[in-house]
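# What the coordinates show
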Amino acid sequence: MAIKDILKQNLKGVEALVRGWVRTRRDSKEFSFFELNDGSSVKNLQVIADATLPNYQEIVKINTGGAIAARGRLVESPGKGQAVELRADEIVIYGAADPAAYPLQKKGHTLEFLRTIAHLRPRSNTFGCVFRIRNTLAFAIHKFFQERGFLYVHTPIITASDCEGAGSMFRVTTLDPAAPPRDEKGAVDFSQDFFGRQSFLTVSGQLEGETYATAFSRIYTFGPTFRAENSNTPRHLAEFWMIEPEAAFFDLRDNADLAEDFLKYIISACFENNMDDLEFLAKWYEKELIPTLRHIVETPFERITYTEAVSLLESSGESFEYPTKWGSDLQTEHERYLTEKRIKKPVVVTDYPKIIKAFYMRNNDDGKTVAAMDILFPRIGEVIGGSQREERLDVLLGRIREMNLNEEAYWWYLDTRRYGSVPHAGFGLGFERALQFCTGMSNIRDVIPFPRFPGWAEF
RNA sequence: UCCCCUGUAGCUCAAUCGGCAGAGCGGGUGGCUGUUAACCACUAGGCUGUAGGUUCAAGUCCUACCGGGGGAGCCA
């Protein structure tokens, strides 16, 4: 029986079997108190082991980290601090944890230390909360799109195109790094590699996603994504999960509406499923977590154009390290001013200058801007980046040539514009960034089970 | 990759001006107790990140490297 259900229903007077890991144990004269956690909730169940139990001598040797099963009757607790407790008739010891060696204490640890024991940290309160919320968010994402007729597409992890244009990529190869085959010019001969050409881990499923959107109307991807950037920040990972919906017949406004509904939906799911976890995280990490999340669900996002954003910044009276100038990208300090000081809620910034955005974004009639949108959140910055896509073949080809991209490499992508091209739009959501926001965790390395970042691939 | 801060017991941290390396928690032993991050007593636990340098003397000052944190860039 899950401890969560026992506590939620306040079950009393019934027999129960609970199994889990001991958070702490205290001895009294005639019995021992266990705090048992099975991962179903941040809350523990108190288990009373009477000294008359046949294996009591073994029981009192169990410390923090040990795994046990307890069978007995749920009763009203005479002590303070819990309404219900389990009076054990039988305790089975699965595995002890040597108290001198087990690194998790019942006191608080720093997140930095817990990161060095990423295989044990899910047994801590904090990471229990974080990963229950991660589960809620992942499920809510599927539910949101499925309820709206979006088809889940598995775009490839390995890609042969080095033209996805979103940062450096990890190479995938079976060639011997010490002695790769060479061509006449001495360059590495990738025609002898596994795929007969160079291949990499994907940095985005968008281009493939667009091909499916022009068949199924509405699709989304949800999978791992890889960036080989030497980024050392609390907001970047080398391996992370990304959600990329793509919808035919959507324009930029439809896209922004979808993104806003989507974010509100998945945050609401946390309130429905993880109130205990949110309260724990709010208490220890981010005091304003719950009001902040509630505010986001309840109020419409602010929508401004890039041009309006620049004038807001120019008239702000703030002294920025980087001056704001129409045509250069918004700096982190600018985004934080907009979301945290000026507007104080998520901001959808649209219609960026085309010179700072990707080739596939739809050209606006002004000839200067494209139908791009970024959704900026307080504290963590860009959560969503998206756009309406350029569906006009001639305009798209013009952009590819203008940016000196390899036209032939895009032959299959361009076919979507050659045959039955339609207006369409989509966006990318960084799953871990959304999770950071929902949990209040300030470092992205603490919201993924085993983080990968420059210099670290342990576990 | 750049800038700033930082590294002392298993964990969290002290150590004044450069002058004997300490505490709390955790561990062990004993005691007490319907206990709540229990309490009381005793106890073990250290190449002060690594390598050099300055000095009679370095945890402390200097240099380099390594790890961690924050900020920036790149982005989701």
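Residues numbered from 1 in each chain as written. Chains lettered and ligands numbered in written order. Predicted model: local features only at pLDDT ≥ 70, side-chain atom pairs only at ≥ 80, totals over all residues. Heavy atoms only, no water.

## Quick word on the protein's contact with RNA strand B
Rules: Neighbouring residues are identified by heavy atoms, a residue being near a molecule or strand if any of them is within 4 Å of it. Counted as a polar contact is a pair of N or O atoms within 3.5 Å, where, for protein atoms, one must be capable of donating a hydrogen and the other of accepting one, and residues adjacent in sequence contribute only when both atoms are in side chains. Only DSSP runs of H or I reaching four residues or more are called helices, and only runs of E reaching two or more are called strands; each is numbered from the N terminus.
Around RNA strand B, 52 residues are found, and the nearest of them are Gln 105, Lys 107, Arg 115, Thr 233 and Arg 433. Restricting the count to atoms of RNA strand B within 4 Å of the protein gives a sugar and phosphate share of 48%. Contact between RNA strand B and Arg 26: a base oxygen at 2.8 Å from a side-chain N or O atom of the residue. Side-chain polar atom of Tyr 322 to a sugar or linking oxygen of RNA strand B: 3.4 Å apart, as the coordinates give it. Broken down by secondary-structure element, the contributors of at least two residues to the surface near RNA strand B are strand 1 (15–27), strand 2 (31–37), strand 5 (84–95), helix 3 (111–116), strand 11 (239–248), strand 15 (381–388) and strand 16 (424–430).

## Digging into the pairing of strand 13 (residues 347–353)
The test is simple: The classification of residues rests on relative accessible area computed with a 1.4 Å probe and restricted to protein chains. Under 20% of the type maximum is buried, over 50% is exposed, and intermediate values are partly exposed. Here a strand pair is declared whenever DSSP counts at least two bridges between the two strands.
Counting buried positions over the seven residues of strand 13 gives six, a clear majority of the element. Relative to strand 13, strand 12 (residues 302–305) runs parallel, the two sharing four bridges. Directly across from Ile 304, in strand 13, lies its bridge partner Val 349. In terms of strand pairing, strand 13 meets strand 14 (residues 369–377) through six bridges, oriented antiparallel. Bridged to Val 347 within strand 14 is Leu 376.

## Quick look at the domain arrangement of chain A
To be explicit about the condition: Domain segmentation is taken from an automatic or database assignment of domains. Contacts were defined at the residue level, with two residues in contact if any of their heavy atoms lie within 4.5 Å. Computed with a 1.4 Å rolling probe, the buried area is the accessible surface lost when two parts are put together, summed over both parts. For this analysis, a salt bridge means a side-chain nitrogen from Lys or Arg found within 4 Å of a carboxyl oxygen belonging to Asp or Glu. Residue polarity follows a fixed list, in which Ala, Val, Leu, Ile, Met, Phe, Trp, Tyr, Cys and Pro are nonpolar, Asp, Glu, Lys and Arg are charged, and the others, Gly among them, are polar.
Each assigned domain of chain A is listed here: domain 1 (3–102) and domain 2 (123–167 + 203–446). Across the boundary between the two partners, domain 1 contributes nine residues, which contact eight residues of domain 2. Buried area between domain 1 and domain 2, both sides added, is near 680 Å², and the carbon and sulfur share of it is 39%. The largest contributions to the domain 1 side of the interface with domain 2 come from Arg 23, Val 42 and Tyr 102, which together make up 61% of the buried area. The tally of links from domain 1 across to domain 2 stands at one salt bridge. With a closest N to O distance of 3.6 Å, Lys 43 and Asp 276 form a salt bridge. The interface formed by domain 1 and domain 2 includes three residue pairs in polar contact (both at pLDDT 80 or more). Residues of the side of domain 1 that touches domain 2, tallied by class, amount to three nonpolar, four polar and two charged.

## Comments concerning the packing of aromatic side chains
Where two aromatic rings form a pair, the distance of their centres and the angle of their planes describe that pair. For clarity, the threshold we go by: In this scheme Phe, Tyr and Trp rings, the latter by its six-membered ring, pair at centre separations within 6.5 Å, and the angle between planes marks the pair as stacked below 30 degrees, edge-to-face above 60, and tilted otherwise.
Inspection of the entire model under this criterion finds 28 aromatic pairs. Aromatic side chains Phe 222 and Trp 241 sit 5.9 Å apart centroid to centroid with 90° between the ring planes, which places their arrangement in the edge-to-face category. With Phe 222 in strand 10 (residues 218–226) and Trp 241 in strand 11, this pair connects stretches of sequence that are 19 residues apart. Overall, the relative accessible area of 9% leaves Phe 222 in the buried class. For Trp 241, a relative accessible area of 32% puts it in the partly exposed group. Note on Phe 262 and Phe 427: the rings are 6.0 Å apart at their centroids and 50° apart in plane angle, and the pair reads as tilted. One end of the pair, Phe 262, is in helix 6 (residues 252–273); the other, Phe 427, is in strand 16, with 165 residues separating them in the sequence.

## A word on the side chain of Arg 389
Along the chain, Arg 389 falls in the loop between strand 15 and helix 11 (393–402). Only 2.8 Å separates the side chain of Arg 389 from the side chain of Glu 246, close enough to count as a polar contact. A distance of 2.7 Å separates polar atoms of two side chains, one belonging to Arg 389 and the other to Ser 387. For Arg 389, the contacting residues outside a window of four places in its chain are Gln 206, Glu 210, Glu 246, Tyr 360, Arg 362, Arg 417, His 424, Ala 425, Gly 426 and Phe 427.

## A look at the packing of helix 7 (residues 275–284) against helix 8 (residues 289–298)
Convention followed: Every angle, taken between N-to-C directions, lies between 0 and 180 degrees, and every axis is a line fitted to C-alpha atoms, over only the stretch in contact when it is a helix. Here the angle decides the label: under 35 degrees means roughly parallel, over 145 means roughly antiparallel, 65 to 115 means roughly perpendicular, and every other value means oblique.
At a closest axis distance of 8 Å, the pairing of helix 7 and helix 8 adopts a crossing angle of 125°. As judged from the angle between their axes, helix 7 and helix 8 are oblique. Residues Met 275, Leu 278, Glu 279, Leu 281 and Ala 282 of helix 7 form the contact with helix 8, whose participating residues are Leu 289, Ile 290, Leu 293 and Arg 294. Along the lines of polarity and charge, the residues of the contact of helix 7 with helix 8 split into seven nonpolar, no polar and two charged.

## Overview of the state of the cysteines
Defined as follows: Here, the term disulfide refers to a pair of cysteine sulfur atoms separated by no more than 2.5 Å.
What the rule picks out here adds up to zero disulfides. Of the cysteine sulfurs around Cys 129, a residue in no disulfide, the closest is that of Cys 270, at 12 Å. In this structure Cys 438 is not part of a disulfide, and its nearest cysteine sulfur, from Cys 270, lies 4.2 Å away.

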